[in-house]
Every structure is written in C-alpha cells, then in structure tokens.
Amino acid sequence: MKCFSRYLPYIFRPPNTILSSSCHTEADIISTVEFNHTGELLATGDKGGRVVIFQREQESKNQIHRRGEYNVYSTFQSHEPEFDYLKSLEIEEKINKIRWLPQQNAAYFLLSTNDKTVKLWKVSERDKRPEGYNLKDEEGRLRDPSTITTLRVPVLRPMDLMVEATPRRVFANAHTYHINSISVNSDYETYMSADDLRINLWNFEITNQSFNIVDIKPANMEELTEVITAAEFHPHHCNTFVYSSSKGTIRLCDMRASALCDRHTKFFEEPEDPSNRSFFSEIISSISDVKFSHSGRYIMTRDYLTVKVWDLNMENRPIETYQVHDYLRSKLCSLYENDCIFDKFECVWNGSDSVIMTGSYNNFFRMFDRNTKRDVTLEASRENSKPRAILKPRKVCVGGKRRKDEISVDSLDFSKKILHTAWHPSENIIAVAATNNLYIFQDKVN
Amino acid sequence: MEFKLEAHRIVSISLGKIYNSRVQRGGIKLHKNLLVSLVLRSARQVYLSDPCPGLYLASPAGSPVAPPQQPREPAARPPAGWEEPPSPAARATWQETEPQPERPATPGERRTDGAEPAASVTGTGDALRGGEAEAAEAAWRRVEGPREAEAGEPGGPAGDSDVFPEGPRAARRHCCCAPGREDKPGTPTGSPRVDCCCMSRPAEDEPPAPPPVCPRKRGATGVGGGTAGCPAPGSTPQKKPRRNLEEQPGGGEEEEEMETGNVANLISIFGSSFSGLLRKKSPGGGREEEEGEESRPEAAEPGQICCDKPVLRDMNPWSTAIVAF
C-alpha cells in the first residue's frame, strides 16, 4: 500500500472567507469534488452555489518539489437560490454534482447541478485582448467621430491571463424531484440527470426538452417504496447505465431495449442478512453512491456501513464487501437521532481500479486495496498535516483496551464527515473534502 | 417491554423529523422522509405487536372519563409526559374519544361531555372491549380516520406529479381507506385533486369542498363527511358513519382543528408506508396558514392550548408531546 504524504499543506479556504477554518459559514461547505479527465483540473462545488476550479501547476525542472501543486484557477457562482412561487418552495443553490466533459478544444466544459437545474459551463482563458480600436479609446469610451482622422487595424496584445466562466446551456424545468446525479455519456453528446423518481436523457445542444428514460413513480404515491439514489453511464457503452435505489438494489439498463427503461436488463441485489435486522435496516441498506470501474467491468456501491464491488456478470451478490466503519452498527439509534444515518457518502476508484476509497466520520477516510485486501484509515486534518509529512494510519478502538494512538468510537466527531472524495484519473493524487476544507494528498515520490 | 419503549422512542424521534422536514430549506426531501417512514412503520409494528401489556395500556371498561389533570401535565411538560405512561383512564379516554377532536367541533360537542362521545362514536365501545391489541388498533384506526376529515389546502401546488400534492392526496386516501393496515389497497380512484383532506388548514374558516376525499368510504354521504366538505359546526355527527365522526371540525374552531389536525396528521403516518409525509405544506416560504398551523402549537404554551382544548386532555401524553413539537 502506497504511503500518502502531503507535498504541501494545501488547505483550501474559500476566497471570501476571512474566518479560520474552525468557524465557517454553511455556504462554504464543499458538496462535490471532481477531477477532469486528465487530472489537470479539479472542480469543487459548495453549498453556496459556487464552483472553484483548481489547476495543477506545470512541472518545472527548477522547482521539482512544487510539482503538481494545485492552485485556484477559476471561481464562479454557478447557481443562485431560487424560489418556486407556484409550489412555495425554496430551491437550494447547493451544487449537488459536477461532471467534466472531455476536452475537445482549448476551453473546458463542465456540468454543474443543484436540485432542479443543470448548467453547462465553459471555462476558457483569455490572454490577449484587442487594442487600437478606432471608435473607442483604450478605456472603452466612445470617441467623437469627428476627432478621428486616421484608421488603424486593431491588434491583439498579450494581457494578464484571465479565466472566465460562462454558462453555455441551462437545462431547467425537467425535474419535479431533487436531482441527485448527472452523468456524461461516452458518446459525449448526451448526458443524463437523475432525481428521486425519474431519469432524463439530454442532448447537450438542446435545452428545452429531454427524454425520460426511467420513471419509477407509482400511480399512487402511497405505494412508493423506493427512490433512485444515484445513476451513472457505463464508461464505454453509450447504451448502458446503472441506477441505484434506496432499497439497496442496482439496476442496469440498456437504452436499446426500449425508449423507457423501466424494465431493467440486470438487477443486482444481495439478500439481506436476517441476523442484522433492526429498525434501521432499510436506512443503512440505502445506496448513496454507485460508480463504474474505469474498465467498465465492475460497479462499486456505497451504503451506510459498507462498500461493495459487483461484477456486472453476477447479479445475486457482490464479489467484494468492505466494512467501512462497522463499529457504528451498534450506534445506529443515536446516529438516527442526530441525522448522521442519512449521510450520503461517496466512493471512488483509483485509476487502475485496484484501490477504492470512501469517507467516514472524524475526518477519516478509508482506502481498500482490492488485490492485497489491505485497508488503511487516514485522517484529513490540519494538525496532522505538515509539509512532506506522511499520513499516519489511524485506528478506531472498538472496545476493550484502547491503545495509545487509537481513538475510541465514542470520541469520534460525527460533525466532521468526509462525504466527497476524488481520485486523479491516472496518478495517486486524491482530493478529500472535509466540510469546508479541501485536502489534496499525493503519493510519496522518491 | 423494552422493545416497546424503544419503539415508542423511535416513533417520537421519527415524528419529530417529519415535522422538522417541513421547515427545512429546499423542500421536503423525498428520500429522507421515505426512510423515516419506513422506520416509523417498523417501530409501529413492534409497538403494536409486542404482547407486553405495559403500564399504560390497561383500561377499565369503556368509561369515557375525561381525566383533566394527567394529560395536561404532559402537555405542559412534554418530555415528562412523553415518558410517563398515561393513566389507564387517560388511555381509555383517548381510545374512546380520540375521534372527538376530529369531529366537527361544535361547542356542544366538546369532549368534556364524556358520555356523548361514547354514544356517538359507534363501535368505540366494542373496540375497547375487544381487548387491548384490538383497542390499540382501533385507536389507530380512529386516529387515521380523521385524516380524510381534515380540510385540504385549497391552494395546493399544481401539477399531479409534484411530490407535495401527491403526498396529501396519498395521505388522504390512505387514511380513509386503509385504517392502519398496509395491506389494504389505496383508493382506486385517483382523485386529481391535489389537496389533502387529511391536512388541517388552520386558517380556513370554511374548508373548501374538494372532490370526494375517499370515495370508497364516503359513499353518498361522503361528501358531507368529506373533509373539505366538513360541514359547519352545526353538523350532527351522530347520524354519520363512524368514520365521518372523526372529521375535522369545520369553521370556527380553527385552532382546535389545526391543533388536532396537526397531531392526528402526524399520527396518521403510523398507518401508512409513506402517505402523510409528502404534504403540500412546503417548508420555506410556506403559506401563512401552514406556518400558523405549525407555529401555533408551539407559540402558545402547550399547557395553554390544552386548557382550551379539552380534546387534548383526553389524548395520551404521546399525542400531546407531538403537539408540543
């Protein structure tokens, strides 16, 4: 298992916050983290509707120790709070998900979504500006035409790099319920957005209509038993996607089969262990995240206590199950009381699909090596983070004698939760969002 | 016994969550409320199936005594009342007179008159005599019955597919049709009406008349008993089928209507897998009425409200604690 160290004590703080990280506003809480396809850019969304994009510094022979540092590249307000007057509902501006489009020209494109509206943003650089207009002076003021005696051709001159983000498309009014996922199709022409009961397929060019491809809303809402919790397209097959449900099931659908994919092609479900039955069995079996492996062969799901890896060819049970924090099983009632049991943890694959990572409480996050079956618990905290320091594995003591470096279950801070993490597509660089702080860790390089 | 207490506690927590979800920013979260409703249902099943009689379930043979003191205390001190099992008398009264709040509240029909409710609520005696579990179940039924009686919000959000309209409609249907039993199918007729008759509308004097709330149960006389159609306080519940007796009081008794509607509404969640949760009552920017409904129990002293509402006196501390939310 590789050791992760901190190349630099990079702790992100939102630009407009002058408070220390221990005292932050709710709007600064990071709600999504995503690397782009090359890993050059890292986007974060927060509860205040802002998107902050980091760019990796180019390697420089002169400053080897600064290789790979991520700096703020662009910040923009993606979504604003809205009010639905018809339903008397406030629509939160919190960014639920960001998904990058593959780069096709000099500009970068990403999708960001809140509960109701998906937006396509173009992030582009401007490092030249035209000078020498005839009708305007350098400040842009119009010149009196009578004073113009000569004509000149405007020229482009270099300027300080400016990164601007512009909304290119707004996909609105297609979701009655809260959007929980977006996923870009491998054809790069379409994407899907999923809410609690429906999944819609969009074309990037068309904003005023979308195809509904999954609809699990029952005729009688009182017969509702499950909702959609996450959805994702297959990384290579543009006709295939999966969606997970609150009942702990995953359905794989093929869009070639029919226009409405209510009937799944594959159905993944593990029988419940009756010995673990409790009041909260349904809650902890609800899947909070589903991710295809980069190979497209496996899917990984996260429920409250475990991460499971499924082989697409075997529907009746997962091939691997990892316990994230099983010591919480006896504390479900308390976690229900303080609402922690509803936390939606995400999970990620590394570039080679050999390691999976997910978050936990007390700013802990866990990594599982699928090959060696070893796992490690690490902590994202200021105190443990000195430059060049190697992250020390942490351990939770579940009972009995507590060793020196262990932390007991009752000492865990449940307000410090790591819900969102991201892994660089090809290197061992991870981004971990701890409330309002973003930690970026890199593998130790010799 | 421990299971029952645990279930009791979980139920109270769940109801609190549902209540709070209505004021959360961003609207009611369907997923979370679904999960909470599943927990509620599990806890309720445990609670009802636990054979242990418990201190608070014993009841003398249906004497509709209105215990003035005991319920008031819990109301005044919700936490204490919450933990204290109601006295047998209180329990009996609650079981018997639970429908009372939902009846069109006319001054003459106040719960203080204990005998009348017993007489007018047909089948109540049977329920009481039928044994504890049955009584409990009957109590649940009665509690859920009123759902239909509550006037629905007239200005419900448009759109069938919206979660809010669905919920109230579902709640309404469920309450009418499936008294506490999930296996009973819901109303076959999909009333397009968005409003939930099961929801109380505190600010409305005249509950609007929606299409038949639960056509299955209502029948020809249904409309009158229908929520919205909740007649003016002059109605004579005695003439109506039992379910209609539990109707939300019409005009006039706004506070009481809202009060019990609120409580009964929350309690109705027990009987449904999901309905009752997806109410039109949106949190942020909610209508005044909604806020009125929610805030009024809170704004006034719980004890104060109970003073004015003999209804609450007869409810067990469980219900009063819900009011205190």
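Criteria and thresholds
- All chains use their own residue numbering, which begins from 1 and follows the written sequence.
- To read the labels, note that chains go from A and ligands from 1, taken in the order they are written.
- A pLDDT threshold of at least 70 governs which residues receive local features in this predicted model, and a stricter bar of 80 or more applies before side-chain atom pairs are shown or counted, although totals over entire chains, interfaces and linings include all residues.
- In computing side-chain properties, one takes all heavy atoms of the structure into account and sets aside hydrogens as well as water.
- Strands are runs of DSSP state E lasting at least 2 residues, helices are runs of H or I lasting at least 4, and numbering of each runs from the N terminus.
- Throughout this description, buried means an accessible area under 20% of the type-specific maximum (1.4 Å probe, protein chains only), exposed means over 50%, and partly exposed covers the range between.
- Residue contacts are defined here by distance: any two heavy atoms, one from each residue, within 4.5 Å place the two residues in contact.
- Summary of the metric used: pLDDT quantifies the predictor's per-residue confidence within the range 0 to 100.
- Paired rings are identified among Phe, Tyr and Trp, the last through its six-membered ring, by centres lying within 6.5 Å, and are further divided according to the angle between planes into stacked (under 30 degrees), edge-to-face (over 60) and tilted (the rest).
- Placement of a charge over a ring requires the Lys NZ or Arg CZ to be within 6 Å of the ring centre, with the centre-to-atom vector within 35 degrees of the ring normal.
- Every definition here rests on a 1 Å grid over the protein atoms only: cavities are sets of points where a 1.4 Å probe fits but cannot get out, pockets are open sets enclosed by protein on both sides within 12 Å along at least five of seven lines, and lining residues have some atom within 4 Å of a point.
- Grid points are joined across faces, edges and corners, and a volume is the space filled by probe spheres set on the points.
- Only Asp, Glu, Lys and Arg are considered charged, only Ala, Val, Leu, Ile, Met, Phe, Trp, Tyr, Cys and Pro nonpolar, and every remaining residue, Gly among them, polar.
- One requirement defines pairing of two strands: DSSP has to find at least two bridges between them.

In the nomenclature of an unreviewed UniProt entry, chain B corresponds to Immediate early response gene 5 protein from the organism Trichechus manatus latirostris.

Looking up chain A in an unreviewed UniProt entry gives the name Serine/threonine-protein phosphatase 2A 55 kDa regulatory subunit B, with the organism given as Trichechus manatus latirostris.

A.B. asks: Which residues make up the overall build of chain B, and what values go with them?
C.D. replies: Each helix and strand counted, chain B has 19 helices and zero strands in total. A total of 325 residues make up chain B; the buried ones form 64% of that total. Sequence-distant contacts, at least 24 apart, represent 77% of the contacts inside chain B between residues at least 6 apart.

A.B. asks: If you had to explain the confidence of the model for chain B to someone new, which residues and values would you point to?
C.D. replies: Caution applies to low-pLDDT parts of the model: their predicted coordinates are not meant to be read in detail. Residues and elements named next belong to chain B. Across chain B, the average pLDDT comes to 49, with 15% of residues at 70 or higher. In the model of chain B, helix α16 (residues 288-299) stands out as the element of lowest mean pLDDT, 38, in contrast to helix α2 (residues 30-49), which has the highest, 91. Every residue in residues 269-325 is under pLDDT 50, and counting partners more than four places away or in other chains gives 217 contacts. Across the interface, the model reports ipTM at 0.88; the global pTM reads 0.66.

A.B. asks: Describe the packing of aromatic side chains, naming the residues involved and giving the relevant values.
C.D. replies: The tally for this structure, following the rule as stated, stands at 20 aromatic pairs over all chains. Plain terms: the ring middles of F280 of chain A and Y336 of chain A are 5.0 Å apart, the flat faces sit at 40° to each other, and that makes the pair tilted. A residue pair is termed long-range when its members are at least 10 positions apart, and F280 of chain A in the loop between β19 (266-268) and α1 (281-285) and Y336 of chain A in helix α2 (residues 332-337) qualify at 56 residues. Grouping residues by exposure puts F280 of chain A and Y336 of chain A together as buried. Taken together, the aromatic side chains of F171, Y191, W202 and F204 of chain A make up a single cluster linked through ring pairs. Taking the ring centre of Y47 of chain B as reference, the NZ or CZ of K4 of chain B above it sits at 4.7 Å. Its guanidinium or amino end placed over the ring of Y336 of chain A, K17 of chain B lies 5.1 Å from that ring's centre, counting from NZ or CZ.

A.B. asks: So, the layout of surface pockets: which residues are in play, and what are the values?
C.D. replies: Residue and element names in this part refer to chain A. Its volume calculated, the second largest pocket comes out at about 820 Å³. In this structure, the second largest pocket is lined by 32 residues; those nearest its centre are E34, H37, R99, E232 and H294. Those elements that provide at least two residues to the lining of the second largest pocket are β2 (30-35), β8 (97-100), β12 (181-184), β16 (228-233), β20 (289-292), β24 (347-349) and β30 (420-423). Of the residues forming the lining of the second largest pocket, the biggest block, four residues, is contributed by β2. Here the residues of the lining of the second largest pocket are counted per class, giving 14 nonpolar, twelve polar and six charged.

A.B. asks: An account of the pairing of strand β21 (residues 298-302) of chain A is requested, with residue identities and associated values reported.
C.D. replies: All names here are of chain A. With respect to burial, β21 is a largely interior element, five of its five residues being buried. With burial as the criterion, each face of β21 is covered, one bearing Y298, M300 and R302 and the other bearing I299 and T301. Sheet topology note: the β20/β21 ladder contains four bridges and is antiparallel. Paired with V290 across the two strands is T301, which belongs to β21. Count of turn residues in the β20/β21 antiparallel hairpin: five residues, of which G296 carries a positive phi of about 85°. Summarising the sheet, β21 and strand β22 (residues 306-311) pair through five bridges and their orientation is antiparallel. For I299, the partnering residue across the bridge sits in β22 and is W310. Between β21 and β22, which follow one another and run antiparallel, lie three residues.

A.B. asks: Can you break down the side chain of H325 of chain A residue by residue, with the values?
C.D. replies: Residue and element names in this part refer to chain A. Of note, H325 is situated in the loop between β23 (320-323) and α2. Classification of H325 as buried rests on a relative accessible area of 0%. Those residues in contact with H325 that sit more than four places away from it in its chain are R302, Y304, L305, F345, G359, S360 and Y361.

A.B. asks: So what's going on with the pairing of strand β9 (residues 108-113) of chain A? Residues and values would help.
C.D. replies: All names here are of chain A. Counted residue by residue, β9 has five buried out of six residues, so it is predominantly covered. Bridging between β9 and strand β10 (residues 118-131) involves six bridges; their strand directions are antiparallel. Each residue of the ladder has a partner; that of L110, found in β10, is W121. Adjacent in sequence and paired antiparallel, β9 and β10 are bridged by four residues.

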